[in-house]
Amino acid sequence: MTFRNLDIRKVIMTAILLAIGLAFLLPFLWMVSTSLKPEADVFKYPIEWIPKQWQAVQNYSEVWMGQYPFYLFYWNSIKVTVLTTLCSLLFSCMAAYAFAKIDFKGREAAFLIVLATYMIPSQAILVPQFIIYRELRLFDTHTGLILLNSFSVLGTFLLRQFFLGINNEYIDAAKMDGAGHTRIFFTIGIPLVRPAIATYGILRFIWTWNDYQNPLIFLRSEHLFTLQLGIRKFADAYGEFYSLIMAGSVIAIVPLLLVFLIGQKQVIEGISLGGVKG
């Protein structure tokens, strides 16, 4: 009787979670469905989840190759996001390893100063950043935009916790074999914290891909616009055409879905390791 009751509870809980999952999924399904329809069928009631008339080719062609070329915005976003993510991973890993495994004078004080900068709202330093980038001739360039997000306090803090979990015996053994910190970092440290690196890499990719504030402030030339700025201009021009707006939105989230699907195993492993360490 106990096992039967337990099974019923599991079934009920599974059904509740499934219903909640579907509720969260419905807006996405409506967005995809709307992007495939002619504009006249968008607000038909009841909703036609599977369109009777398809206009997918025309909608996506207008978005991709129309007045506001999404292929250019797409390329800009991919370039900025991938390079920013790689730079942020490299710099955060290096800083995290130094704060965790290199014993130098003032290490704890320096780390506290780094953490303290995380309390400063990003909006509070926009004006100084703008002035510095303008003087360095990095304003209105992808290089400046990449450097802006390449240094992360959160990434340093997150990865430092995982580097602290590495047994010092591995490092001592490598030093006895003549390895320096550079070799130890790349051959021992990086492989052992790979799940954490994957987790932070996915988060950094998502944050950078969805970033609207920094491109809006630090970019002026339309040919340099990222996808978020492109969508804003597209919405201003085609705001009454919901089928086109939804087609643009579907295009915008495809890379995020692919990155998460590819890296979800590493993310789950990283979260599990973090729970064990906690």
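Each remark here, short or long, concerns the structure printed above.
Here the structure is a predicted model, which means the values were calculated and not measured.

K.L.:
So what exactly am I meant to see when it comes to the packing of aromatic side chains here?
P.N.:
For any pair of aromatic rings, the description consists of the separation of the ring centres together with the inter-plane angle of the planes. Enumeration according to the criterion identifies 16 aromatic pairs in this entry. Judged by centre distance (5.3 Å) and plane angle (80°), the rings of phenylalanine 70 and phenylalanine 234 are edge-to-face. In this pair, phenylalanine 70 is assigned in helix H3 (residues 70-101) and phenylalanine 234 in helix H12 (residues 227-238), connecting sequence segments 164 residues apart. Note on phenylalanine 70: relative accessible area 1%, which makes it buried. Residue phenylalanine 234 is classed as buried on the basis of its relative accessible area of 2%. Ring pairs connect the aromatic residues Trp64, Tyr74, Phe205 and Trp209, which therefore count as one cluster. If you follow arginine 160 out to its NZ or CZ, it ends over the ring of phenylalanine 111, 4.1 Å from the centre.

K.L.:
Help me understand the packing of H3 against helix H4 (residues 107-117) in this model?
P.N.:
Angle between the axes and distance between the axes are the two parameters that describe a pair of packed helices. At a minimum axis distance of 9 Å, the contact between H3 and H4 shows a crossing angle of 140°. Taken together, the axis directions place H3 and H4 in an arrangement best described as oblique. The hand of the H3/H4 crossing is left-handed. Facing Ala98, Phe99, Ala100 and Lys101 of H3, the residues of H4 in contact are Arg107, Ala110, Phe111 and Val114. Taken together, the residues that form the contact of H3 with H4 break down as 6 nonpolar, no polar and 2 charged.

K.L.:
What is the right way to read the pattern of salt bridges from this model?
P.N.:
A side chain of one charge can pair with a side chain of the opposite charge when the charged atoms of the two come close. Tallied over the entire structure, the rule returns 3 salt bridges. Close ionic contact of lysine 233 with glutamate 222 constitutes a salt bridge, the shortest N to O distance being 3.7 Å. Of this pair, lysine 233 sits in helix H12 while glutamate 222 sits in the loop between helix H11 (213-218) and H12, placing them 11 residues apart in sequence. Note on lysine 233: relative accessible area 25%, which makes it partly exposed. Residue glutamate 222 is classed as partly exposed on the basis of its relative accessible area, which comes to 38%. For aspartate 236, the salt bridge goes to arginine 232, with nearest N and O atoms at 2.8 Å.

K.L.:
Please clarify how the state of the cysteines should be interpreted in this entry.
P.N.:
When the sulfur atoms of two cysteines share a covalent bond, that bond is a disulfide. Tallied over the full model, the rule gives 0 disulfides. In this structure cysteine 87 is a free cysteine whose sulfur lies 12 Å from that of cysteine 93, the closest cysteine sulfur available. Of the residues examined, cysteine 87 reaches a relative accessible area of 27% and is grouped as partly exposed.

K.L.:
Would you explain the nonpolar core in this entry?
P.N.:
When a protein is soluble and globular, its nonpolar side chains tend to lie buried together. Val63, Phe70, Phe73, Trp209, Leu227 and Phe234 are the most contacted members of the largest nonpolar core, which totals 21 residues. Looking at this core, the elements with two or more residues in it are H3, helix H10 (194-209), H12 and helix H13 (242-277). With 8 residues, the single largest contributor to this core is H13. Discounting residues that sit within four places of it in the chain, tryptophan 209 has contacts with Tyr74, Ser77, Ile78, Thr81, Leu227, Gln228, Ala252, Pro255 and Leu256.

Cut-offs applied
All chains use their own residue numbering, which begins from 1 and follows the written sequence. Whole-chain, interface and lining totals are the exception, using all residues; otherwise, since this is a predicted model, local features are given only for residues with pLDDT of at least 70 and side-chain atom pairs are given and counted only at 80 or more. With hydrogens and water stripped out, all remaining heavy atoms of the structure feed into the side-chain values. Stacked, tilted and edge-to-face pairs are distinguished by plane angle, under 30 degrees for stacked and over 60 for edge-to-face with tilted covering the rest, among Phe, Tyr and Trp rings (Trp via its six-membered ring) whose centres lie within 6.5 Å. Secondary structure follows DSSP: runs of H or I at least 4 residues long count as helices, runs of E at least 2 residues long count as strands, and numbering of each begins at the N terminus. Burial status follows relative accessibility: with a 1.4 Å probe on protein chains alone, a residue under 20% of its type maximum counts as buried, one over 50% as exposed, and anything between as partly exposed. To sit over a ring, a charge needs its Lys NZ or Arg CZ within 6 Å of the ring centre and within 35 degrees of the ring normal. For helices, the axis comes from a line fit to the C-alpha atoms of the stretch in contact; other axes are also lines fit to C-alpha atoms, and the angle between any two N-to-C directions lies between 0 and 180 degrees. Angles are sorted into four bins: roughly parallel if under 35 degrees, roughly antiparallel if over 145, roughly perpendicular if 65 to 115, and oblique for all others. Each helix crossing is assigned a hand: it is left-handed if the near helix lies turned anticlockwise from the far helix by less than a right angle, otherwise right-handed if that turn is clockwise. By the convention used here, residues are in contact when the closest approach between their heavy atoms is within 4.5 Å. Note that Gly is not counted as nonpolar here; it falls among the polar residues with everything else outside the nonpolar set of Ala, Val, Leu, Ile, Met, Phe, Trp, Tyr, Cys and Pro and the charged set of Asp, Glu, Lys and Arg. Any carboxyl oxygen of Asp or Glu that lies within 4 Å of a side-chain nitrogen of Lys or Arg is treated as forming a salt bridge with it. Count a disulfide wherever a pair of cysteine sulfur atoms falls within 2.5 Å. What we call a nonpolar core is a set of buried Ala, Val, Leu, Ile, Met, Phe, Trp, Tyr and Cys residues that are connected through their side-chain atoms within 4.5 Å.

None of the figures reported here should be taken as evidence of function without further support.
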